[in-house]
Amino acid sequence: MSTSSATQYSYFRQGFVPEAEAVLPIQNQSFLYGTSLFEGIRGYWEPEQNAIVVFRAKEHFERLLSNANIFGMIVPETVEECLQIVVDLIQKNGLKTDTYLRPTIFKDGCGVGPSLEKFPNSLSIFTTPLGAYVDIENGLNVCVSSWRRNADNAIPSRAKAGGAYMNTALVKTQALRDGYDDAIVLTQDGHVSEGSAMNLFMVRRGKLVTPSITEDILEGITRDTLMELAINELGMPVEERTVDRSELYVADELFFCGTGAQVAPITKVDKRPVGTGEIGEWSKQLQELYFKVVKNQVPKYSHWCQVILLG
Ligand SMILES: Cc1ncc(COP(=O)(O)O)c(C=O)c1O
């Protein structure tokens with residue numbers, strides 16, 4: 001729920017309804033079995049422009065609608081329609097703060113027995129204020145989780161399926177209970193996959209390295225953004241490949257990235273310092289550039305920014 005006192009609207013069953021009316025019964029299929037797909041999109045409040053700058057919404061909806069094909073959970077809305085819904089929702093809700101948008105494709109029907117066919121598919125979108133999801137300033141203290149990421153032939157991680165986030169919850173909860181800020185997850189065969197709800201980069205031997213898309217990762221939009229900025233703007237060589245767990249302990253730098261996490265440097269992994277134990281130079285440079293780009297301060301990348309004026 002948002003913290004604003006004004007009525008907040010959600011997109012639900014192809015229309016805009018007050019948030020309190022966008023509700024599902026307890027026998028709803030997606031509630032019972034996690035049969036949903038979702039996205040997380042950020043909008044940055046820019047007071048000088050009196051606007052919310054929504055970052056790479058097009059790519060988020062393209063990912064959502066193509067992932068829907070994995071499960072046959074097709075909805076009638078097109079990417080263009082989704083982008084218009086985002087404009088309408090942000091303007092209706094008028095939140096003058098950093099905002100998170102959560103589109104979800106769900107099964108709009110009730111009944112026991114998991115099924116991807118039985119019930120109609122429906123799209124919902126809500127907005128809520130969101131600040132930092134993890135600490136991005138002080139360097140994270142992380143562990144390698146004893147839980148493994150769900151494999152592609154179990155629940156594909158690239159699909160951003162609701163049910164798969166039980167795995168994320170196990171990973172994150174265990175890390176917090178054990179005194180860490182977050183965790184890195186391995187694949188079933190023991191290679192580095194990603195963070196609990198973010199992708200991972202490592203700086204090693206003068207290269208920016210990230211696990212390849214066949215390592216049970218979500219094909220992150222922030223990951224893609226950073227690779228493009230690293231190559232084109234900062235001249236950093238980038239390598240997508242298999243990463244061993246022990247490489248984490250000999251890396252010069254490590255950082256998480258994601259819509260929620262943004263760019264979050266890691267300074268400790270499994271109680272070992274990462275590199276010098278301080279936030280690394282490449283992490284800093286990428287973080288700085290990332291924040292300029294997402295706030296539409298770099299004209300070359302303004303095509304990634306949807307500037308939505310508020311009243
Ligand atoms: C499991 C997982 N990996 C990676 C990411 C990062 O993806 P993106 O940059 O598209 O937000 C997310 C979501 O933020 C996630 O949930």
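Our subject is the structure that appears above.
A brief look at the structure comes next.

Quick notes on the rules
- Residues numbered from 1 in each chain as written.
- Predicted model: local features only at pLDDT ≥ 70, side-chain atom pairs only at ≥ 80, totals over all residues.
- Heavy atoms only, no water.
- Near = heavy atom within 4 Å.
- Polar contact = N/O pair within 3.5 Å; in protein donor to acceptor, adjacent residues only side chain to side chain.
- Areas by Shrake-Rupley, 256 points an atom, 1.4 Å probe, with all protein chains shown as cover.
- Helix = DSSP H or I, 4+ residues; strand = E, 2+ residues; numbered from the N terminus.
- Nonpolar A, V, L, I, M, F, W, Y, C, P; charged D, E, K, R; others polar.
- Pairing = 2+ DSSP bridges.
- Buried < 20%, exposed > 50% of the residue type's maximum accessible area, 1.4 Å probe, protein only.
- Axes fitted to C-alpha atoms, helices over the stretch in contact; angles between N-to-C directions.
- Parallel < 35°, antiparallel > 145°, perpendicular 65-115°, else oblique.
- Left-handed = near helix turned anticlockwise from the far one by under 90°.
- Contact = heavy atoms within 4.5 Å.

### What about the site of the ligand?
Next, step 1: Taken together, 16 residues lie around the ligand, and Tyr165, Glu194, Ile221, Thr222 and Thr259 are the ones closest in.
Next, step 2: Taking Thr259, its side chain carries an N or O atom lying 2.6 Å from an oxygen atom of the ligand.
Next, step 3: Protein coverage of the free-state accessible area of the ligand, which is 380 Å², stands at 95%.
Next, step 4: Elements represented by at least two residues in the shell around the ligand include exactly helix H2 (57-71) and helix H5 (221-232).
Next, step 5: Class assignment of the residues belonging to the shell around the ligand gives a composition of 5 nonpolar, 7 polar and 4 charged.

### Examining the pairing of strand S10 (residues 192-195)
Next, step 1: Two strands pair when backbone bridges link them, and strand S9 (residues 182-186) and S10 are joined in this way by 3 bridges, in the antiparallel orientation. Within S10, the residue paired with Ile184 across the bridge is Gly195.
Next, step 2: Counting the residues between successive antiparallel strands, the hairpin from S9 to S10 contains 5 residues, one of them, Gly190, with a positive phi of roughly 90 degrees.

### With respect to the pairing of strand S6 (residues 99-107)
Next, step 1: Burial of S6 is extensive: 8 of the 9 residues sit out of reach of the surface.
Next, step 2: Inspection of the sheet shows strand S3 (residues 36-38) paired to S6 by 3 bridges, in the antiparallel sense. Each bridged residue has a counterpart across the sheet, and for Leu37 the counterpart in S6 is Ile105.
Next, step 3: Here strand S4 (residues 41-46) runs beside S6; their pairing, made up of 3 bridges, is antiparallel. Counted as the bridge partner of Gly43 is Thr99 from S6.
Next, step 4: Pairing of S6 with strand S7 (residues 121-129) involves 9 bridges; the strand directions are antiparallel. Bridging across to S7, Tyr100 finds its partner in Thr128.

### Examining the packing of H5 against helix H7 (residues 281-294)
Next, step 1: Orientation of H5 relative to H7, taken along the N-to-C sense of each, is 110 degrees, at an axis distance of 11 Å. In terms of axis orientation, H5 runs roughly perpendicular to H7. The element H5 and its partner H7 pack so that their crossing is right-handed. Side by side, H5 and H7 meet where Thr222, Thr225, Leu226, Leu229 and Ala230 of the first sit next to Leu286, Leu289, Tyr290 and Val293 of the second.
Next, step 2: Residue composition of the contact of H5 with H7, by class: 7 nonpolar, 2 polar and no charged.

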